[in-house]
Each structure stands twice: as structure tokens, then as C-alpha cells.
Amino acid sequence: MKLLLRYLGHSDLRTKATPIQEITPDIIQLAEDMIETMVKASDDGSIGVGLAAPQIGRLVRMFVWRSEQTLPDGKFTFDEPEVVINPTLSNPSQETETLAEGCLSIPKLHLEITRPKNIHIRYQNLKGEWIEKDLEGYNARIVMHENDHLNGVLFFDRISASERKKIEPILREIKRKYSS
Ligand code: ZN
């Protein structure tokens, strides 16, 4: 089932999510629904590569994401979506990278965001197994963006105060248009 997205202005996007104690059938269903919601999120042509539980109104530490590959002909393809539960990020690289980012909860806003190029992640999968990975480039970026959502942080929080000031009217317009 495709879930309703929370948009900028909703307090769920600014609330710290709580750890998942037990992977119940409800959590498994939620993960499936979140994957469907991410994959189908294509209004305005945005490409859903990640979705965190607070974005659909569940304040638990879980997100789904998928790796995006560029083919030689310039088209995109996606790997199988992954479910990440109770993640901890560590060892961010000194080296950073600045790339355009968007967010399904903040339609049509794309900003250049600077983040570490590499990150280590430890998390549980849907079976409750602990998994560790080193991610780099865009994959690292997606995971950092989604992990921010679990802490009530949005991507434009990571730009400078002067840039933030410039986009305030756009943020106000998005809030006006999407808040119910
Ligand atoms: Zn987002």
C-alpha cells in the first residue's frame, strides 16, 4: 500500500524517532509499504531513492533506500531496495563531496549539499541481523540524508545561514502549498 507523505511544515519531520525494539509483522508490513511508496514517488518526476519512516508519520528508526546506477547510455537503473533498522553511522571521511540533493517531503527543491564522501553504517535488516557496510559517493549520501530524517534533520539544515536566507521564500511557498 502506498502511504501518504508528510511534507515540510509537519512536526513529524522535526521529531526524533525511537529505536525499534522488536521486528513485528507490523514493522515488516511498514517496510514493504515504504518501499512501494518510495518506488512510486514520481510526481514532478522526482526519483525516490530513499524514504525514512517519519516521512510517512511513523516515528521509528527505519528507512528504505536503493542504490542508483548510471548506465553507459546515460539512463538510470536501481538495485533492489534495502531496509535499514536502528542504524548507527560512524567513521565519516575527512574528504567531502558537494552534490545536488532533493527530498520527497520537500518537493521541487534541489540544493547542493556538502557531506563526507564515505561513511560506515551498522544496522539491522528485517530478520534482525546486524549488518555493517562501508559506503561511498551517492550511496553514502542517501544513507546520511535518510539517517538525518530519523533525527528530525532536513537537508537544507546543512547549508550556510546566508544560503538558507535566500531559500526562505521557497520554503514558505512549499509549506503553504503542501501543509494540510
Ligand atoms: Zn528526505
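Look up: the structure comes first, before these words.
Every value quoted in this text rests on a predicted model; they were computed, and no experiment measured them. (Residues numbered from 1 in each chain as written. Predicted model: local features only at pLDDT ≥ 70, side-chain atom pairs only at ≥ 80, totals over all residues. Heavy atoms only, no water.)

Comments concerning the nonpolar core
In terms of nonpolar packing, the biggest core is built from 19 residues, with L30, M34, L51, I56 and M62 touching the most fellow members. Broken down by secondary-structure element, the contributors of at least two residues to this core are α1 (25-40), β2 (62-65) and β5 (82-90). For this core, the element with the most residues is α1, which contributes five residues. In this structure L51 touches L5, M34, T37, M38, I56, F63, V64, L104 and E146, once residues within four positions along its chain are discounted. (Core = buried A, V, L, I, M, F, W, Y, C linked by side-chain atoms within 4.5 Å. Buried < 20%, exposed > 50% of the residue type's maximum accessible area, 1.4 Å probe, protein only. Helix = DSSP H or I, 4+ residues; strand = E, 2+ residues; numbered from the N terminus. Contact = heavy atoms within 4.5 Å.)

Observations regarding the sheet that holds strand β8 (residues 118-124)
Spatial strand order, β1-β2-β5-β8-β9: five strands in an open sheet with antiparallel pairing. Either end of the sheet is taken by a strand with one partner, and the two such strands are β1 (50-52) and β9 (130-136). On average, adjacent strands in this sheet sit at an angle of 40° to one another, irrespective of strand direction. Note: β8 against β9, seven bridges, orientation antiparallel. (Pairing = 2+ DSSP bridges. Axes fitted to C-alpha atoms, helices over the stretch in contact; angles between N-to-C directions.)

Quick word on the pattern of salt bridges
In total, this model carries 14 salt bridges according to the counting rule given. The partner of E101 in a salt bridge is R141, and the shortest N-O contact between them spans 2.7 Å. Of the two residues, E101 sits in strand β6 (residues 96-103) while R141 sits in helix α2 (residues 137-150), which places them 40 residues apart along the sequence. For the pair formed by E101 and R141, the shared burial category is buried. Between R158 and D148 there is a salt bridge, with its nearest N and O atoms 2.7 Å apart. Placement of the pair is R158 in the loop between α2 and α3 (161-178) and D148 in helix α2, with a sequence separation of 10 residues. The class of R158 is partly exposed, set by a relative accessible area of 43%. Assessed through its relative accessible area of 7%, D148 is described here as buried. (Salt bridge = Lys/Arg side-chain N within 4 Å of Asp/Glu carboxyl O.)

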